[in-house]
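# Coordinates in review
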Amino acid sequence: MVLDSFRLDGRVALVTGGGRGIGQALATALAEAGADVALLGRTRPTATAARIEALGRRVLVVPGDLATAGPDALADAVEAVVTGLGRLDVLVNNAGLIRRSAAVAHPPEDWAQVLRVDLDAVFHLCQAAGRVMLGQRHGRIVNVASMLSYQGGVRVPSYTAAKHAVVGLTRALANEWAAEGVNVNAIAPGYIATDQTMVLRDDPDRERAIRERIPAGRWGTPEDLMGAVVFLASDAARYVHGSVLAVDGGWLAR
Ligand code: NAP
């Protein structure tokens, strides 16, 4: 039955930045669909871990700061998941940060940090997880892109550069790995109410301008992304490679 192909029973997923915001919803969604979940991040994801356990799934917390962890440390993190939970089927590269300032004054340290977390870590985790998944000829990678994978954005040059690159990387890896049973896709969230967008929502003019441009007429919530990640992580998406699934209330269609 088709709904069975969306289930993730017996699968193990690794989610970065699962302690809050979108990552918390994505990790919860995967657990609700049946997966055990490893959470990789720099802050202990106590609430998310409790949610996953309450669903009767196993959870593994893997500490790591994606701004400083290099390829070897990230490979070790992936290895810790395989050792701790027995396998790795799904990687969700969710963790990300944004730094806002005019391009002409964008500090080099902001540029470097955003690129490290939003792009370098994504690639190195894809590489490490890819090695495991290619070896078992099965895996699903879901990268979190953005509307700024398509558009220039306002005063966020490092973020826009990184998120454009995430889509290119997603397609490049999908090309290489599709025939090996490893699906690499992305989700492009629209404007979602999380800490990352608080500064926009706290500015009444900006908040209204964004909301009025969204065909759905409201900001998204992290929960709006739960169905998309389960789909892309599941067998239902077995022939989906290199796609970017916009979950944006229609923003890109406008
Ligand atoms: P958020 O609430 O600010 O959460 C960001 C997450 O990334 C947190 O879990 C954070 O961990 C983690 N993170 C940041 N820097 C890290 C580092 N150096 N090492 C490890 N983890 C780190 O943002 P969000 O809105 O949920 O964003 C999640 C993803 O969606 C990001 O990739 C973001 O770019 C993307 N996105 C968001 C929107 C939106 O409208 N909100 C739209 C498009 C795309 P800590 O708790 O330790 O800081």
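See the structure printed just above.
What comes next is a walk through the structure. (Residues numbered from 1 in each chain as written. Predicted model: local features only at pLDDT ≥ 70, side-chain atom pairs only at ≥ 80, totals over all residues. Heavy atoms only, no water.)

## Looking at the overall build of the protein
Secondary structure summary: the protein contains eight helices and seven strands in total. Its C-alpha atoms give the protein a radius of gyration of 17 Å, near enough to 18 Å, the size a compact globule of 254 residues would have. Taken along the three principal axes of its C-alpha coordinates, the protein extends 50 × 40 × 35 Å. A burial count over the protein gives 51% of its 254 residues as buried. A separation threshold of at least 6 residues defines the contact pool for the protein, and within that pool the share at least 24 residues apart is 71%. Per element, the accessible surface of the protein, about 11,200 Å² overall, is 53% carbon and sulfur. Side-chain charges of the protein comprise 26 positive and 26 negative groups, with the mean position of each set lying 3 Å from the other. (Helix = DSSP H or I, 4+ residues; strand = E, 2+ residues; numbered from the N terminus. Rg over C-alpha atoms; globule rule 2.2 N^0.38 Å. Buried < 20%, exposed > 50% of the residue type's maximum accessible area, 1.4 Å probe, protein only. Contact = heavy atoms within 4.5 Å. Areas by Shrake-Rupley, 256 points an atom, 1.4 Å probe, with all protein chains shown as cover. Lys, Arg positive; Asp, Glu negative; His and termini not counted. Charge placed at Lys NZ, Arg CZ, Asp CG, Glu CD.)

## Examining the packing of aromatic side chains
What the rule picks out here adds up to three aromatic pairs. With 6.0 Å between their ring centres and 35 degrees between their planes, phenylalanine 6 and phenylalanine 231 make a pair best called tilted. You can see phenylalanine 6 sitting in the segment before strand S1 (12-16) and its partner phenylalanine 231 sitting in helix H8 (residues 226-233), a full 225 residues away along the chain. Classification of phenylalanine 6 by relative accessible area gives partly exposed; the value is 29%. (Phe/Tyr/Trp six-rings, centres within 6.5 Å; stacked < 30°, edge-to-face > 60°.)

## Concerning the site of the ligand
Residues in contact with the ligand amount to 27 residues; listed here are only the nearest, Arg42, Thr43, Asn94, Tyr159 and Thr194. A distance of 2.6 Å is found between an oxygen atom of the ligand and a side-chain nitrogen or oxygen belonging to tyrosine 159. Against a free-state accessible area of 880 Å², the protein chains account for coverage of 95% of the ligand. Broken down by secondary-structure element, the contributors of at least two residues to the shell around the ligand are helix H1 (21-32) and helix H5 (157-177). When its residues are assigned to classes, the shell around the ligand shows 11 nonpolar, 11 polar and five charged. (Near = heavy atom within 4 Å. Polar contact = N/O pair within 3.5 Å; in protein donor to acceptor, adjacent residues only side chain to side chain. Nonpolar A, V, L, I, M, F, W, Y, C, P; charged D, E, K, R; others polar.)

## With respect to the packing of helix H4 (residues 108-136) against H5
Two numbers describe how H4 lies on H5: the axes approach to 8 Å, and their chain directions differ by 15 degrees. Considered as vectors, H4 and H5 are oriented roughly parallel to each other. Considering the relative orientation of H4 and H5, their crossing is right-handed. The residues of H5 that touch H4, namely those facing Asp110, Trp111, Val114, Leu115, Asp118, Leu119, Val122, Phe123, Cys126, Gln127, Gly130 and Leu134, are Pro157, Ser158, Tyr159, Ala161, Ala162, Lys163, Ala165, Val166, Leu169, Leu173 and Trp177. Tallied by class, residues from the contact of H4 with H5 come to 17 nonpolar, three polar and three charged. (Axes fitted to C-alpha atoms, helices over the stretch in contact; angles between N-to-C directions. Parallel < 35°, antiparallel > 145°, perpendicular 65-115°, else oblique. Left-handed = near helix turned anticlockwise from the far one by under 90°.)

## Things to note about the sheet that holds strand S5 (residues 139-144)
Whether parallel or antiparallel, the strands of a sheet pair through hydrogen bonds between backbone atoms. Within the open sheet, the seven strands sit side by side as S3-S2-S1-S4-S5-S6-S7. Their pairing is parallel. One side of each edge strand has no neighbouring strand; the edge strands of this open sheet are strand S3 (59-63) and strand S7 (244-247). Adjacent strand axes in the sheet meet at a mean angle of 20 degrees when their direction is disregarded. Pairing of strand S6 (residues 182-189) with S7 involves four bridges; the strand directions are parallel. Across the sheet, alanine 188 pairs through a bridge with alanine 246, a residue of S7. Sitting on the sheet, H5 touches S5, S6 and S7, and the angle it makes with S6 is about 160 degrees. (Pairing = 2+ DSSP bridges.)

## With respect to the nonpolar core
One finds Leu14, Leu40, Leu66, Leu91 and Tyr191 to be the most contacted residues of the largest nonpolar core, which totals 52 residues. Listing elements by their share of this core, those giving two or more residues are S1, strand S2 (36-41), helix H3 (71-85), H4, H5 and S6. Looking at which element gives the most residues to this core, the answer is H4, with 11 residues. Aside from chain neighbours lying at most four places away, what touches tyrosine 191 is Met147, Leu200, Ile210, Ile214, Trp219, Gly220 and Trp251. With 33 residues, the next largest nonpolar core counts Leu8, Ala33, Ala233 and Ala237 among its residues. (Core = buried A, V, L, I, M, F, W, Y, C linked by side-chain atoms within 4.5 Å.)

## Brief notes about the side chain of lysine 163
With respect to the secondary-structure elements, lysine 163 resides in helix H5. Buried and without a salt bridge, lysine 163 has aspartate 118 as its closest oppositely charged side chain, separated by 4.9 Å. If we ignore the near neighbours within four places in the chain, the residues touching lysine 163 are Asp118, Val144, Ala145, Ser146, Leu148 and Ser149. (Salt bridge = Lys/Arg side-chain N within 4 Å of Asp/Glu carboxyl O.)

## Examining unusual backbone geometry
Its identity is not glycine, yet arginine 137 carries a phi of approximately 55 degrees, on the positive side. The backbone phi angle of arginine 155 is positive, close to 60 degrees, even though this residue is not glycine. With respect to the secondary-structure elements, arginine 155 resides in the loop between S5 and H5.

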